[in-house]
Every structure is written in C-alpha cells, then in structure tokens.
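A closer look at the structure
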Amino acid sequence: MEMRDAIEADAGRLASLTDAPRDVMRNLVHDRTVRVVEDDEAIRGFVSYDARQRTVYVTQLEGDPEVYPELLEEPVRFARTEGMAVELLVPETDSEIREAAIEAGFEQTGSGPRFDGEPTARYRIDDP
C-alpha cells in the first residue's frame, strides 16, 4: 500500500467512499490536507485534516477500516512535528473509527456536536 496526497482526479473515488457529490470532494482536496491510501491504484481510504489555533482537526476519515490506523498516523505525525494537539470527532455509532482512534493514542474528552442528528464524541491527543 502507498500513502500519497490526494489530487483533483481522485474526487470521483473519494465521492464514492462518502456518498458526497464529486464537487464537494474536489473542494475538499483544494481546501484541506487530504491523504489517500491505495494499492494497485485503487484508493482504499482517505483522511482529511486542517490546522488552526494550535490544533490539527481531522475532518474526515473514510474507506476500508483496515487502513484507518495508517491514515490517522498522518495528522498525528503532522501535529507532533508542529507541536500541536490533534482532535477527531467520532459518530457514537462508529465503533471502527473509535477503535482506530484509541489505538492511535486518542482519548475521549467529551461530547461533540451532532451531525445529521447523530451524536458524536470528541477524541484528542494533546501531546502527540
């Protein structure tokens, strides 16, 4: 498997992983840091994140749960290099992301906002 930066041409595959429109994914590639994991030229998952106010915020983690640990290492590595914290919101019903976050060293720090009516939990690493 290979990790690389997402490019605009990936928008169609990213859209299929999220059920979001292709234009939304194209904008994501331009507006955030987006890293993809692929094997044999098939994208297996991606992570998007941005940094502001001394925290790296993971904005999306999608794809094959087997690649979540590798994908989460990207924003954690960036936060470590920059001396920042890293934060992730996990839908309460998504045990696969929750487990990957805990394995990556995130700790639950409270409730997050609701997305489409679904509650989330806030996970954070203050000193990666």
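Notes on the structure follow. (Residues numbered from 1 in each chain as written. Predicted model: local features only at pLDDT ≥ 70, side-chain atom pairs only at ≥ 80, totals over all residues. Heavy atoms only, no water.)

1. A look at the side chain of Glu-74
The line we're drawing: Only runs of H or I of at least four residues qualify as helices and only runs of E of at least two qualify as strands under DSSP, and these elements are numbered from the N terminus. Whether a residue is buried, partly exposed or exposed follows from its accessible area with a 1.4 Å probe, protein chains only, as a fraction of its type maximum: under 20%, in between, or over 50%, in that order. Contact between two residues is taken to exist if any of their heavy atoms lie within 4.5 Å; hydrogens are not considered.
The residue Glu-74 is located in helix H3 (residues 68-82) in this model. Assessed through its relative accessible area of 10%, Glu-74 is described here as buried. The contacts of Glu-74, once residues within four sequence positions are left out, are Met-3, Arg-35, Val-47 and Tyr-49.

2. Considering the sheet that holds strand E3 (residues 42-52)
For clarity, the cut-off: Strands are treated as partners if at least two bridges between them are detected by DSSP. Note on geometry: axes are C-alpha line fits, over the in-contact stretch for helices, and angles between N-to-C directions span 0 to 180 degrees.
Ordered by their spatial adjacency, 7 strands build an open sheet running E1-E2-E3-E4-E5-E7-E6, and the pairing between neighbours is mixed. Across the chains shown, the open sheet's two edge strands, defined by having one partner strand only, are strand E1 (2-5) and strand E6 (107-115). Sheet twist, expressed as the mean angle between neighbouring strand axes with direction ignored, is 25°. Sheet strands touched by helix H1 (residues 11-18): strand E2 (33-39), E3 and strand E4 (55-63). Its angle to E3, the strand with the most contacts, is close to 90°.

3. Brief notes about the packing of H1 against helix H2 (residues 22-31)
The following threshold applies: For classification purposes, an angle smaller than 35 degrees is called roughly parallel, one larger than 145 roughly antiparallel, one from 65 to 115 roughly perpendicular, and anything else oblique. Helix crossings fall into two classes, left-handed where the near helix is turned counterclockwise from the far one by less than a right angle and right-handed where it is turned clockwise. Here the term charged refers only to Asp, Glu, Lys and Arg, the term nonpolar to Ala, Val, Leu, Ile, Met, Phe, Trp, Tyr, Cys and Pro, and the term polar to all other amino acids, Gly among them.
Two elements in contact, H1 and H2, have axes whose closest approach is 8 Å; the angle formed by their N-to-C orientations is 115°. Relative to H2, the element H1 lies roughly perpendicular. Note that H1 runs across H2; the crossing there is right-handed. The residues of H2 that touch H1, namely those facing Ala-11, Gly-12, Leu-14, Ala-15 and Thr-18, are Arg-22, Met-25, Arg-26 and Val-29. In terms of residue class, the contact of H1 with H2 is built from 5 nonpolar, 2 polar and 2 charged.

4. Overview of the pairing of E3
Counting buried positions along E3 yields 8 of 11 residues, so the element is predominantly enclosed. Hairpin connection from E2 to E3: 2 residues lie between these consecutive antiparallel strands, with Asp-40 at a positive phi of about 50°. Bridge count between E3 and E4: 8 bridges; the pairing is antiparallel. Across the sheet, Tyr-49 pairs through a bridge with Val-58, a residue of E4.

5. Quick notes on the pattern of salt bridges
Test applied: Each salt bridge in this description consists of a side-chain nitrogen of Lys or Arg and a carboxyl oxygen of Asp or Glu lying within 4 Å of one another.
Inspection of the entire model under this criterion finds 16 salt bridges. Between Arg-4 and Glu-38 there is a salt bridge; the shortest N-O distance is 2.9 Å. With Arg-4 in strand E1 and Glu-38 in strand E2, this pair connects stretches of sequence that are 34 residues apart. The residues Arg-4 and Glu-38 share a single accessibility class, namely buried. A single salt-bridge network, built from bridges that share partners, covers Asp-5, Arg-35, Glu-74 and Arg-77.

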